[in-house]
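# Descriptive analysis of the structure
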Amino acid sequence: MIPPRPLSPTPFLMAQGTLGLRPRPRRGAVLLAALLVACEARLARGQDDFGKYSPSSGRFTCELPLDWHAFEEEEPAGFAVHVLGPDDPAGSYRAGIDVHFVDGGRGAPAGGGSSVPAKQAIETLRRSDKLTGRQSTPVKRFAVGKGLARTFEVWETRFVPAELAPSVSQVIHHFVAVIESGDDYYVIRLSSSEEVYVDLRDVFVRFLKSFRIKGA
Amino acid sequence: MLPLRPLLLAALIPLTSGPSLAAEPAADKPYDVNAKPLSNREFGLLFRSSYTIRQDGTVWAPGAGQPVLEREMPYVVEKLISGQRLKALLTLNLILSRSQGEKKLTADERESIRRVVRADWAYLSYETRKDFKDYFNRDELDAMDADSPLPRAPLAPRLLHEDDDGAEAPEPSAPGPQAQGPKVQASERSREPMPEERVPMTTPDPNAPEPPVLDLTVPGPSAPGPRVQVAAAEPSPAPPSVPVAPPLMTPLGIQRQAAPPGAAGKATAASEGPLSGVPAGMTAEEFERLARPKPPQPPPAPEPKAPPPGPSAPGPQVQVAAHPQTEPSPTALVAEVTAEEFSKFLVDAPCSRQVRDILKMVSDHAPRFAKDRSLSLVMTLLPRIAVDSVRSGRGIRAWTESPRAGQPASVILSPGPVIFERKKLFFKGAEVLLSQSPDAYHRLGLPVPGLKAVNRESVPSRTDISEWGSTLRFDDGSSRGSFTPEAQAGTLLAALLELDMARRGQDASPYASALFARTAQMMLYASVAKSLKTDEFLDPETRASYRQWTRSPSEFRDHILHTLSAGQAGLVDPRRAGPAQAELFGKTMLSSCRGKAGQEVQASAAADAVQPGGRASRPPLGWASAAADSKRLQARALKSAGLVDARQLDESLAYIEKTADPLTAGPGAGAPADRCRRLEGELQSLRRSALLMDELVKAERAFRP
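Here we take up the overall build of chain A. A tally of helices and strands in chain A yields 3 helices and 13 strands. Of all 216 residues assigned to chain A, the portion counted as buried reaches 56%. Long-range contacts, defined here as pairs at least 24 residues apart, represent 50% of the contacts in chain A between residues at least 6 apart. Element-wise, carbon and sulfur atoms account for 56% of the exposed surface of chain A, whose accessible area totals about 8,900 Å².

Written out as structure tokens, the structure is:
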């Protein structure tokens, strides 16, 4: 039995245009330590560490960390761009951003059937599953250019690596954003182990803020 | 010392089949393998003894002036078996004679004996098997007996005496005339329709002209089933104009047809691909001619195809045009295997009944594109498939052993994982799945963990049914689960597909290979779940993957990528995970190899140049360093799980550092000429991987209407 994911002590509060930690009363030493860690993380990834990226199809542009590695592939519902980032400390799950373009006239990554609307896709992505302890936060809105993204977070527990020993049950975290563009839509997901997902929040925010759909 | 009884018996048997018993001249008709197919083992023995099979189905002894007659064939096979048995016994006798005694064997001597007995287990009698069974554990014996069962003696009163008590084989019909004990042999002879007189084998004449060598080549895609073509004696230089598929050799029912002109010449030029499995009983050269797949040939008139919108952008600064798709669909090159053909093959397949049941499920439930690939591989390459926890290596569910000299590839299925949960003071700790195979730990320089569930001899405190199937619970909190045959069928399908892709040189992209295999595995599960109306037959993690693939295929793909590219798996280099990056990397490496061959520095610099952003942020990841990093992470994971202490971890890290060899693998290994040739092969393989992905997308679209 895969143990259910422990409740996150600090769930994110996603507000319009911002992503931040819910303020909680803490002791001074803890706050100071957190501040130092945050400053260190921000200093470690400066503004110049990002570069513009656009897939060969030119459907969108965005900003990505320069030391992350992107590639495209075709998939049944459309096409995907995978951006691979840093490994987690245990080396069992590599963080990364996956952008799935869903052709409204062809199919959807969620549901498996023909053309699933974005709202239905969101519900599928937010599904709960007792088997993996999967759960999600409520949907929030996030401004992306002239459009709007529906964002939420998902946790699930999986054995990683699945086929090779030692395989350890680990909580995987996903930042998810769904951006509609007419009948089509994009599913953007930053996946990482729960251990490091807080450090990647800024990357996801900057990625979303810089995400522009061509022609939109 | 080896008892003299089996030695004398083994020496006696070939003598009895000698010329002295021949009385009648060879007036019978020649043996025809088309009319009377041989078993796999007989086929291998003939090959190993340099017998040749000509186009008309006749079998020729080396240097013989006439083909083997039909009534001679049982004796020929029996002679070969006896010779093989005698060779094994003499080898064992030699090892034991040189030792200080059987009770004082060194590790090398013991391993030599194990190797000889394991290799010739099929030819050893019941008595000899009993003499050497102490060299193996129970699982190994079960696996060897399942692979080479003794024939079941008929229940005749004259055979039911004290020596037959343990000679019962698990299979009612043994494949081919295998080695057997004296009494069982006699009974088998009494049942077989043997000729009354024996004809002597022709003595090889060193001055005789060399007979034509068996050359089985490849049928075209229009061939309805497994076809083996025998090349004519005079090869024609003109190549065939149709795409050729890898051969399907079914030793049980060889069907032959006229070879296309120049097929023999193409067969030798077509051997490429990193994996070379050699079935038992064949030399590497023979298997090269028989079963090596040919590279896909360009179609006569390739249709112009619009480039796909997606996978061609490597990164922000690097733009690579999509490679031209001039090759036919990879699966179109695979000959179709019908259910009847495979059922016929399974009757005499060299595997246990358990594996046969699993293979039958693969045949019944695998999707079309994966079924032909996997089943043709099983019938052609004859990989050893077994369920064995000791040999399952690092694999939780399966482990593939690469082919070695004279041995085919092996797919070892795990019967179930070891489950361990590290207890914490107040909280529930993470569950860890472990392998029972000692190799998984020895390769890290670590001892096997002291968990009772890892030790096969431990007695469980209780047994219950959990989500991991029938589960054995032990006192120390560890447990051992079991996989259902349906789940193992999917695992086996994925393993066979990966083996087939490696054989065909389509595995340059590990992500594409894994995605292809796992998707086919999920399609098989979907078919089984549809028939069983539940997915409860899957273990929790596989069920989670299956549900993810069913409900959200994009998440399924992402999860595979994120886990394969992580350090522990170490299979996908994130810098060249995409086809375009991998191709650019290969081209850069190739130009560097051709320009300044032998300079590793150039190759390393080329690897860094591929990174998006155009700068080298870290040292290049080599194959060997990635493998060593993976091992270090595995050792640390075991330490985190509380299975290894700090001292053992330090020793393990030192061992990994000591055994890591940066020049043993990867594109930078080997002589410059070999390196360039390997890189060229990888570039071709990458193009095939891209086609593989296209085929997978089409199959998934068809599967999800």
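Another point: helix α21 (residues 646–659) of chain B. Residue and element names in this part refer to chain B. Across its 14 residues, α21 extends 20 Å between first and last C-alpha, which sits within 8% of the 20 Å expected from 1.5 Å per residue. Inspection of α21 places Q648, L649, S652, L653 and I656 among the buried residues, and these make up the whole buried set. Looking straight down α21, one finds its buried side chains confined to an arc of 140 degrees; they lie on one side. In α21, those exposed residues whose orientation departs by more than 90 degrees from the buried face are R647, D650, E657 and K658.

Residue and element names in this part refer to chain B. Spatially, 3 strands are ordered β6-β8-β7 in an open sheet, and the strand pairing comes out mixed. Bordering the open sheet on either side are β6 (384–387) and β7 (398–401), each of which pairs with just one other strand. For this sheet, the mean angle separating the axes of adjacent strands, direction not counted, is 15 degrees. Relative to strand β8 (residues 410–413), β7 runs antiparallel, the two sharing 4 bridges. Following the sheet pairing, A398 is matched in β8 by L413.

Residue and element names in this part refer to chain A. Of all 9 residues making up strand β7 (residues 94–102), 9 are buried, and the element is well covered by its neighbours. Both faces of β7 are covered, namely the face carrying R94, G96, D98, H100 and V102 and the face carrying A95, I97, V99 and F101. Pairing between strand β6 (residues 78–87) and β7: 8 bridges, direction antiparallel. Among the inter-strand pairings, D87 is bridged to a residue of β7, identified as R94. Hairpin geometry of β6 and β7 is characterised by an intervening segment of 6 residues between the two adjacent antiparallel strands and by a positive phi of about 70 degrees at G91. By the bridge criterion, 7 bridges tie β7 to strand β12 (residues 184–193) in an arrangement that is antiparallel. In the strand pairing of β12, G96 is matched with S191.

Residues and elements named next belong to chain A. The strand order β3-β4-β13 describes an open sheet built from 3 strands, whose pairing is antiparallel. Two strands bound the open sheet, and with one partner strand each, they are β3 (50–53) and β13 (212–213). Here helix α3 (residues 201–210) sits on the sheet in contact with β3, β4 (60–65) and β13, set at roughly 155 degrees to β4.

Residue and element names in this part refer to chain B. Along helix α2 (residues 40–48), 7 of the 9 residues are buried, which leaves the element largely enclosed by surrounding structure. By the burial criterion, the buried members of α2 are N40, E42, F43, G44, L45, L46 and F47. Directly beyond the C-terminal end of α2, a positive phi value near 65 degrees is found at S50.

It is worth spelling out the interface of chain A and chain B at this point. Contacts between the two partners involve 63 residues from chain A and, on the opposite side, 74 residues from chain B. Both sides together, the interface formed by chain A and chain B hides about 5,900 Å², and carbon and sulfur atoms give 54% of it. On the chain A side of the contact with chain B, A:H69, A:R158 and A:E163 bury the most area, a combined 11% of that side's loss. Scanning the region where chain A abuts chain B turns up 8 salt bridges. Here B:E555 ties to A:R127 by a salt bridge, and the two come within 3.3 Å at their closest N and O atoms. Our count for the chain A to chain B interface comes out at 26 residue pairs in polar contact (both at pLDDT 80 or more). In terms of residue count, strand β5 (residues 69–75) of chain A provides more of the side of chain A that touches chain B than any other element does, 7 residues in total. Taken together, the residues that form the side of chain A that touches chain B break down as 28 nonpolar, 17 polar and 18 charged. Summarising the sheet, strand β11 (residues 167–181) of chain A and strand β10 (residues 431–434) of chain B pair through 2 bridges and their orientation is antiparallel. Counted as the bridge partner of A:V168 is B:V432 from β10(B).

Residue and element names in this part refer to chain B. With 63% of its residues at a pLDDT of at least 70, chain B reaches an overall mean of 70. When the elements of chain B are averaged for pLDDT, strand β3 (residues 216–217) gives the smallest value, 32, and helix α15 (residues 510–532) the largest, 95. Taken as a whole, residues 14–27 scores under 50 in pLDDT and shows 24 contacts with residues more than four places along the chain or in a different chain. Below a pLDDT of 50 lies the segment residues 600–621, which in the model reaches 49 contacts outside its immediate sequence neighbourhood of four places, other chains included. Taken over the whole predicted complex, pTM reads 0.62, whereas the ipTM for its chain interfaces reads 0.81.

Turning to the nonpolar core, a few remarks are in order. With 65 residues, the main nonpolar core has B:F342, B:L359 and B:L492 as its most contacted residues. With 14 residues, α15(B) is the single largest residue contributor to this core. For B:L359, the residues in contact, after removing those within four places along its chain, are B:F342, B:L346, B:C351, B:V378, B:I385, B:L492 and B:L496. In this structure, A:F101, A:A149, A:W155 and A:I188 belong to the second largest nonpolar core, which totals 35 residues.

Topologically, B:D558 is positioned in helix α17 (residues 553–564). Residue classification places B:D558 among the buried positions, given a relative accessible area of 2%. If sequence neighbours within four positions are ignored, B:D558 has contacts with A:H82, A:D98, A:H100 and A:R189.

According to the stated counting rule, one finds 18 aromatic pairs over all chains in the structure shown. Arranged with centres 6.3 Å apart and planes meeting at 90 degrees, the rings of A:W155 and A:Y197 form a pair that is edge-to-face. Of this pair, A:W155 sits in strand β10 (residues 147–160) while A:Y197 is found in the loop between β12 and α3, placing the two residues 42 residues apart along the sequence. Here A:W155 and A:Y197 have matching classes, each one buried. Where B:F369 meets B:F516, the ring centres are 5.3 Å apart and the plane angle is 75 degrees; that geometry is what we call edge-to-face. Note that B:F369 is positioned in helix α12 (residues 368–381) and B:F516 in helix α15, a separation of 147 residues in sequence. Residue classification places B:F369 among the buried residues on the basis of a relative accessible area of 10%. The ring of A:F101 is capped by A:R59, whose NZ or CZ atom sits 4.2 Å from the centre of that ring. Sitting over the face of the ring of B:F585, B:R576 holds its NZ or CZ atom 3.6 Å from the ring centroid.

About the cut-offs
- Residues numbered from 1 in each chain as written.
- Chains lettered and ligands numbered in written order.
- Predicted model: local features only at pLDDT ≥ 70, side-chain atom pairs only at ≥ 80, totals over all residues.
- Heavy atoms only, no water.
- Helix = DSSP H or I, 4+ residues; strand = E, 2+ residues; numbered from the N terminus.
- Buried < 20%, exposed > 50% of the residue type's maximum accessible area, 1.4 Å probe, protein only.
- Contact = heavy atoms within 4.5 Å.
- Areas by Shrake-Rupley, 256 points an atom, 1.4 Å probe, with all protein chains shown as cover.
- Expected span 1.5 Å × (residues − 1).
- Arc of directions from axis to C-beta.
- Pairing = 2+ DSSP bridges.
- Axes fitted to C-alpha atoms, helices over the stretch in contact; angles between N-to-C directions.
- Buried area = accessible area lost by both parts, 1.4 Å probe.
- Salt bridge = Lys/Arg side-chain N within 4 Å of Asp/Glu carboxyl O.
- Polar contact = N/O pair within 3.5 Å; in protein donor to acceptor, adjacent residues only side chain to side chain.
- Nonpolar A, V, L, I, M, F, W, Y, C, P; charged D, E, K, R; others polar.
- pLDDT = per-residue confidence, 0-100.
- Core = buried A, V, L, I, M, F, W, Y, C linked by side-chain atoms within 4.5 Å.
- Phe/Tyr/Trp six-rings, centres within 6.5 Å; stacked < 30°, edge-to-face > 60°.
- Lys NZ or Arg CZ within 6 Å of the ring centre and 35° of its normal.

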